[in-house]
Amino acid sequence: MEKEFLQKLAEAYQKYDASIIADCLADDMHYASMWVFHEMTSKEEYMNYLEGKLQTLKRHGVRIEFAIVKGGMHENALLVTNQQDPEGGCFGFVADFNKEGKVCMLNITIRDFF
């Protein structure tokens, strides 16, 4: 479940298509970034954010590459390996799931917190 979701998240970024992960998210999911104070608290809010972000990346021709890696606190994490980014390989995504198998928490964080 975790690995499959992370693969879909990478695909969404690579195809600039947020809809790829829509069915994987709980309606009351949260999204947090250690670089942003505001935590998003719904699927709708996160999807609006992600759609805008992906369109901006597409407009600027930004290609992001990922690798699924083993974590300590999470079995798997989605590591950003994009060499265009000076922090490439230093951060990525981890996800927590509810009992229905939907993402209830998505974090973008430094590799130390995987």
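Everything discussed here concerns the structure shown above.
Cut-offs used in this document
- Residues numbered from 1 in each chain as written.
- Predicted model: local features only at pLDDT ≥ 70, side-chain atom pairs only at ≥ 80, totals over all residues.
- Heavy atoms only, no water.
- Helix = DSSP H or I, 4+ residues; strand = E, 2+ residues; numbered from the N terminus.
- Contact = heavy atoms within 4.5 Å.
- Pairing = 2+ DSSP bridges.
- Axes fitted to C-alpha atoms, helices over the stretch in contact; angles between N-to-C directions.
- Parallel < 35°, antiparallel > 145°, perpendicular 65-115°, else oblique.
- Nonpolar A, V, L, I, M, F, W, Y, C, P; charged D, E, K, R; others polar.
- Core = buried A, V, L, I, M, F, W, Y, C linked by side-chain atoms within 4.5 Å.
- Buried < 20%, exposed > 50% of the residue type's maximum accessible area, 1.4 Å probe, protein only.

A. Main features of the side chain of T109. Summarising the element assignment, T109 is placed in strand 5 (residues 103-110). Other than its neighbours up to four places away in sequence, T109 contacts M34, W35, C90, F91, G92, V94 and F114.

B. Summary view of the pairing of strand 5. By the bridge criterion, five bridges tie strand 1 (residues 25-33) to strand 5 in an arrangement that is parallel. From the neighbouring strand, L25 faces strand 5, where its bridge partner is V103. One ladder, built from seven bridges, connects strand 4 (residues 91-97) with strand 5; its direction is antiparallel. Each bridged residue has a counterpart across the sheet, and for F97 the counterpart in strand 5 is V103. What sits between the antiparallel neighbours strand 4 and strand 5 is a turn of five residues, in which G101 has the positive phi angle 85°.

C. Layout of the packing of helix 1 (residues 2-15) against helix 3 (residues 43-59). Running from N to C, helix 1 and helix 3 cross one another at 45°; their axes reach a closest spacing of 8 Å. Comparing the axis directions of helix 1 and helix 3 gives the class oblique. Between helix 1, through L9, A12 and Y13, and helix 3, the contact on the second element is made entirely by Y46, L50, K53, L54 and L57. Here the contact of helix 1 with helix 3 is composed, by residue class, of seven nonpolar, no polar and one charged.

D. Structural view of the nonpolar core. With 32 residues, the main nonpolar core has F5, L9, Y13, I21, Y46, F93 and L106 as its most contacted residues. Taken together, the elements giving at least two residues each to this core come down to helix 1, helix 2 (19-22), strand 1, helix 3, strand 3 (76-80), strand 4 and strand 5. The biggest single contributor to this core is helix 1, with six residues. Excluding residues that lie within four positions of it along the chain, F5 makes contacts with I21, C24, L25, A95, F97, V103 and L106. Among the nonpolar cores identified, the runner-up in size contains five residues, and V69, A77, L79 and V94 belong to it.

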